[in-house]
Amino acid sequence: RTPSNENGVESLPKIPHFSHTPAPYNGPLASDLSKRRKQYLPTIVGTYYTHPLNLVEGKMQYVYDENGRRYLDAFGGIATVLCGHCHPDVVEAIVNQTRLLQHTTVLYLNHAVVDFAEALAAKMPGELKVVFFTNSGTEANELALMMARLYTGYHDVISIRNGYHGNATSTMGTTAQFFHKFNVVQTGIHHVLNPDPYRGVFGLDGAKYANDVQDIINYGTCGHVAGFVAEAIQGVGGVIELAPGYLPAVYSIIKKAGGLFIADEVQSGFGRTGSHFWGFEAHGIIPDIVTMAKGIGNGAPIGAVVTTREIAKVLKYAYYFSTFGGNPVCTAAGLAVLNVIEKDELQQNAHVVGSYLKDRLNSLKEKHEIIGDVRGRGMLLGVELVKDRKLKIPAKDENLHILEQMKDMGVLVGKGGFYGNVLRITPPLCFTKEDADFLVEVMDYTMSKM
Ligand code: PLP
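The protein is annotated in an unreviewed UniProt entry as alanine--glyoxylate transaminase from Vicia faba. Database annotation for the protein, UniProt heading Catalytic activity (unreviewed entry): "glyoxylate + L-alanine = glycine + pyruvate". One UniProt comment on the protein, placed under Sequence similarities (unreviewed entry), says "Belongs to the class-III pyridoxal-phosphate-dependent aminotransferase family."

Listed below in C-alpha cells is the structure:
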C-alpha cells in the first residue's frame, strides 16, 4: 500500500515502515456515498477532490480509504487530530468512559469533567483558571464574546479582517473573510487591517497595523469596546503569522479602551506551534479569555473557554448552559490528549520536525517559482502559491491541482487563504522527519510536473 501512481512515482521515497493493516471494508463505496450525500446533504461545504475520498480508517498520521490505500494525513483531520488518528490512549479513555457513563451534564458531579478542567487550568498562565466547556470552537468564541460584553458593559467588538472564529451569529460577525457576503452579520463588530507580513500594506511593521485598531475605536465606537479577538496564527485564513509587535501593541490599545483580549487558540493551542503550548505565548501577552477546540479532544467534539475568576463571575447573572458541553466522554478524551502530549513529547516533536519541514519547504521555494511564501510555526505551516512572485497573483487553480495530485500520490494537505491559494499543513504532532521528507518529495514532484 505504498503510494504510487501511474506516472512512475517509484523514485519517491517510501513512507517509513508502519505496521498497520487496515481491516477489510465491506461498507458502501465512494460512488454510492457521493450520490447519496448530494441528495441528502446538499447544502454543506463541497468535498475535496474530483473523486472524493471515502476514508474508513485512521491510524496515527495515516488514513485509509475503502480500498485499503494509505494516505499520509498532513492536514491532520482538519487540524483536529493532535496525537494521531485513533491514538490508543485516547481511544481507551473514550471507550472506558463510554462504558461507565456516556453522558451527564454539569448539573451533576463527574470526575472526568473536573479532572480535565483542572489539568487545563494548570496549563494556563496568570489568573486564567476558570473553565467552561462547549462542543465546538464556534460556541467557545460565542461564549467568550458574550462574556466580554457582559463584563465590560460595552457592545463593540473588534476582529481582524482575515480571521476565522466560527459560524454562529457573533462569530460570523467576527469572521469577515466569509460571512459578510451573506449579509447575516451583527452590528457592533468592526474589522481591522490584517497584519499580514506577506500581503499587508505595512509589511512586517506590527505597530503600524495596530494603529488601525486605535482608528476604529476612535471613529467607529463610543471610545470603549467590549473586546478584541484574534488567532495567534490565522489558520483558515491561510496560516498567517501576525506581524511582529502587533499583538502587544493591540493589547495595550484594547486595555485603554476598557476591553478584554480574547485569544482564539482553536488551531494554535495545545503545542501545535511547537515553540509554545499556546500561540499567544510567543507574543508575550496574557489574554483575558482563551478559547480552544479542534485538537483538544483529538477529534472528539469539545471546545473550552478559560478565563479569570473575576470575569467568569458575570455568568452568575446570565444564563449559560450546554447539554453536551463538558460531557464526560469528550473530557476524558481531552485529559488523555494532554497526557499523550506530555508522554510522547509531542510539543517538542512539533518544534523539531516542524522546523525541519519548514526549512525543507523553504528550499522548495528556491526551486519552484510558484511558491510565493512559506510560513507558520511548528506543525501549523502554510505554502502560498502565486502565478507571479512580484505581483503576487494568487494561484488558486494551481493550488487545487497540487492538492489533487498530492492526494493521488498519497499525501493529504488542506487548502485555505482568502484567495484559496494556500496549502495548509497541519499534521498530527506525531509526524516524523521521514513523513516530512515524503511530503516535500511529493510536493516537489507535483510542482515539477506543472
Ligand atoms: N476558531 C478558529 C481559529 C478556527 O479555525 C475554527 C474552525 O476552523 C473555529 C474557531 C470554529 O470552530 P468550529 O468549527 O469547531 O466551530
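Moving on, there is more to tell.
With that out of the way, let us pick up the sheet that holds strand β12 (residues 303-308). If you trace the seven strands from one edge of the open sheet to the other, you get β4-β12-β11-β10-β7-β5-β6, paired in mixed fashion. If you trace the sheet from one side to the other, it starts and ends with β4 (128-134) and β6 (189-192), each paired once. The average undirected angle you get between the axes of adjacent strands in this sheet is 20°. Judged from the four bridges that link them, strand β11 (residues 289-292) and β12 form a sheet pairing that is antiparallel. From the neighbouring strand, I289 faces β12, where its bridge partner is T307.

Residues of β6 alternate between two faces, with I189 and H191 on one and H190 and V192 on the opposite face, all of them buried. The pairing of strand β5 (residues 157-160) with β6 spans four bridges and is classified as parallel. Residue pairing for β6: V157 is matched across the bridge by I189.

Moving on, we get to unusual backbone geometry. It is generally the case that most residues other than glycine have a negative phi and that most peptide bonds are trans. Phi is positive for V239, which is not a glycine, with a value near 50°. Relative to the assigned elements, V239 resides in the loop between β8 (233-234) and β9 (240-241). A count of 28 C-beta atoms within 10 Å places V239 in the buried class.

Before going further, it helps to spend a moment on helix α12 (residues 346-367). Between its first and last C-alpha, α12 extends 31 Å over 22 residues, near the 32 Å set by a 1.5 Å rise per residue. Within α12 the residues assigned to the buried category are L346, Q347, N349, A350, H351, V353, G354, L357, K358 and L361. Those residues of α12 that are buried lie in contact with α11 (328-343), β13 (371-377), β14 (380-385) and α14 (433-448).

For the rest of this paragraph, the subject is the site of the ligand. Looking at the ligand, there are 14 residues lining it, with S136, G137, T138, G166 and V266 nearest. In terms of residue class, the shell around the ligand is made up of four nonpolar, eight polar and two charged.

In this fold, Y317 is placed in the loop between α10 (309-312) and α11. Judged by C-beta crowding, with 7 C-beta atoms within 10 Å, Y317 ranks as exposed. When the C-alpha atoms of Y317 and L150 are compared, they prove to be 9.1 Å apart, with 167 residues separating the residues in sequence.

As a further point, take the nonpolar core. The biggest cluster of nonpolar side chains holds 123 residues, and the ones touching the most others in it are A148, A304, A333, V337 and V411. Residue contributions to this core peak at ten residues, all from α11. Setting aside residues up to four positions removed in sequence, A148 forms contacts with V157, A226, G227, G259, L260, I262 and I289.

Residue alternation in strand β3 (residues 70-73) divides its side chains into two sets, R70 and L72 and Y71 and D73, and both sets are buried. In this structure, strand β2 (residues 62-65) lies alongside β3, joined through three bridges in antiparallel fashion. Bridging from a neighbouring strand, Y64 pairs with R70 of β3. Counted along the chain from β2 to the antiparallel partner β3, the turn is four residues long, and its residue G68 has a positive phi close to 80°. As paired elements, β3 and strand β15 (residues 411-412) share two bridges and run parallel to each other. When the bridges of β15 are listed, L72 appears paired with V411.

A separate point is the environment of T171. Considering the arrangement of structural elements, one finds T171 in helix α6 (residues 169-174). Residues T171 and E118, spaced 53 residues apart in sequence, show a C-alpha to C-alpha distance of 27 Å. Residue contacts for T171: discarding those within four places in its chain leaves T138, N141, E142, H165 and G166.

Here helix α4 (residues 111-122) is twelve residues long and its end C-alpha atoms lie 16 Å apart, about the 16 Å a rise of 1.5 Å per residue gives. Within the span of α4, buried status applies to A112, V113, F116, A117 and L120. Down the axis of α4, the buried side of the element spans an arc of 125°, and every buried residue falls inside it. For α4, the secondary structure elements touched by its buried residues are α3 (88-100), β4, β12 and α11.

Take the environment of Q214 next. Its place among the elements puts Q214 in helix α8 (residues 206-220). Sequence-wise, Q214 and E366 are 152 residues apart; in three dimensions their C-alpha atoms are separated by 39 Å.

A separate point is the confidence of the model for the protein. Of all residues in the protein, 94% have pLDDT values of 70 or greater, and the mean over the chain is 93. Note that residues 1-16 has pLDDT below 50 and, in this model, 25 contacts with residues that lie over four places away or in other chains. Predicted complex metrics record ipTM = 1.00 and pTM = 0.95.

Definitions and cut-offs
Residues numbered from 1 in each chain as written. Predicted model: local features only at pLDDT ≥ 70, side-chain atom pairs only at ≥ 80, totals over all residues. UniProt positions renumbered as here; feature names shortened; annotations may be inferred. Pairing = 2+ DSSP bridges. Helix = DSSP H or I, 4+ residues; strand = E, 2+ residues; numbered from the N terminus. Axes fitted to C-alpha atoms, helices over the stretch in contact; angles between N-to-C directions. Buried ≥ 20, exposed ≤ 12 C-beta atoms within 10 Å, placed from the backbone. Expected span 1.5 Å × (residues − 1). Contact = placed C-beta atoms within 7 Å. Near = placed C-beta within 6 Å. Nonpolar A, V, L, I, M, F, W, Y, C, P; charged D, E, K, R; others polar. Core = buried A, V, L, I, M, F, W, Y, C linked by C-beta atoms within 7 Å. Arc of directions from axis to C-beta. pLDDT = per-residue confidence, 0-100.

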